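Here is how the chains run, residue by residue.
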Amino acid sequence: QVQLVESGGGLVQAGGSLRLSCAASGRAVSDYSLGWFRQAPGKEREFVAAINWSGRSTYYADSVKGRFTIARDNAKNTVSLQMNSLKAEDTAVYYCAKHRQPFKGAFVDADVATWGQGTQVIVST
């Protein structure tokens, strides 16, 4: 059983940066795509970014492309999300996620086998 634990959320001014981290424990996740989703108050959870099992392919929502960067370290069983040029609309709870099947690419909610508990990001204007 894999557990995912996020860290790095917080309060930041618009235009600032934050780096989220997610550590996996229980089993290695090096064969699985990992990703980040977010849920803003009153809205449905949405895809933010994903990275395939090898780290060679990354996928981003249009709303964050060019501002966010996802990366993984399979030796450490971690995935990170570097968020730059943050906007008020990036305010949300951010969730780390693991694909249910190995050796896949991008994924949506229905593909998620494991969710982290979430970390709050608040961008003030």
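Starting from 1, residues in each chain are numbered consecutively following that chain's sequence as written. Per-residue local features are limited, in this predicted model, to residues with pLDDT of at least 70; the limit for side-chain atom pairs, both in listing and counting, is 80 or more; totals at the level of whole chains, interfaces and linings are taken over all residues. Only hydrogens and water are set aside; all other atoms, that is, all heavy atoms of the structure, feed into the side-chain values.

### What to know about the packing of aromatic side chains
Stage number 1. Here is the rule: rings of Phe, Tyr and Trp (six-membered ring for Trp) pair when centre to centre is within 6.5 Å. Planes less than 30 degrees apart are stacked, more than 60 are edge-to-face, and the remainder are tilted. Considering all chains together, one arrives at five aromatic pairs under this definition.
Stage number 2. Judged by centre distance (5.7 Å) and plane angle (75°), the rings of phenylalanine 37 and phenylalanine 47 are edge-to-face. One end of the pair, phenylalanine 37, is in strand E4 (residues 32–39); the other, phenylalanine 47, is in strand E5 (residues 46–51), with 10 residues separating them in the sequence.
Stage number 3. The rings of Phe37, Phe47, Tyr95, Phe107 and Trp115 are connected pair by pair, giving a single aromatic cluster. Put simply, DSSP marks the helices as runs of H or I at least four residues long and the strands as runs of E at least two long, and each gets a number from the N terminus on.

### Digging into the pattern of salt bridges
Stage number 1. Each salt bridge in this description consists of a side-chain nitrogen of Lys or Arg and a carboxyl oxygen of Asp or Glu lying within 4 Å of one another. In this structure the tally under the stated criterion is five salt bridges.
Stage number 2. As a salt-bridge pair, arginine 38 and aspartate 90 come within 2.9 Å of each other at their nearest N and O atoms. With arginine 38 in strand E4 and aspartate 90 in the loop between strand E8 (78–83) and strand E9 (92–102), this pair connects stretches of sequence that are 52 residues apart.
Stage number 3. Any residue under 20% of the maximum accessible area for its type is buried, any over 50% is exposed, and the rest in between are partly exposed; the area is computed with a 1.4 Å probe on protein chains only. A relative accessible area of 0% places aspartate 90 in the buried class.
Stage number 4. In this structure, arginine 67 engages aspartate 90 in a salt bridge whose closest nitrogen and oxygen atoms are separated by 2.7 Å. Here the residue arginine 67 occupies a position in the loop between strand E6 (58–60) and strand E7 (68–73), and aspartate 90 occupies one in the loop between E8 and E9, the gap between them amounting to 23 residues.
Stage number 5. For arginine 67, a relative accessible area of 11% translates into the label buried.

Honestly, that's just the spatial picture; any functional story needs more than this.
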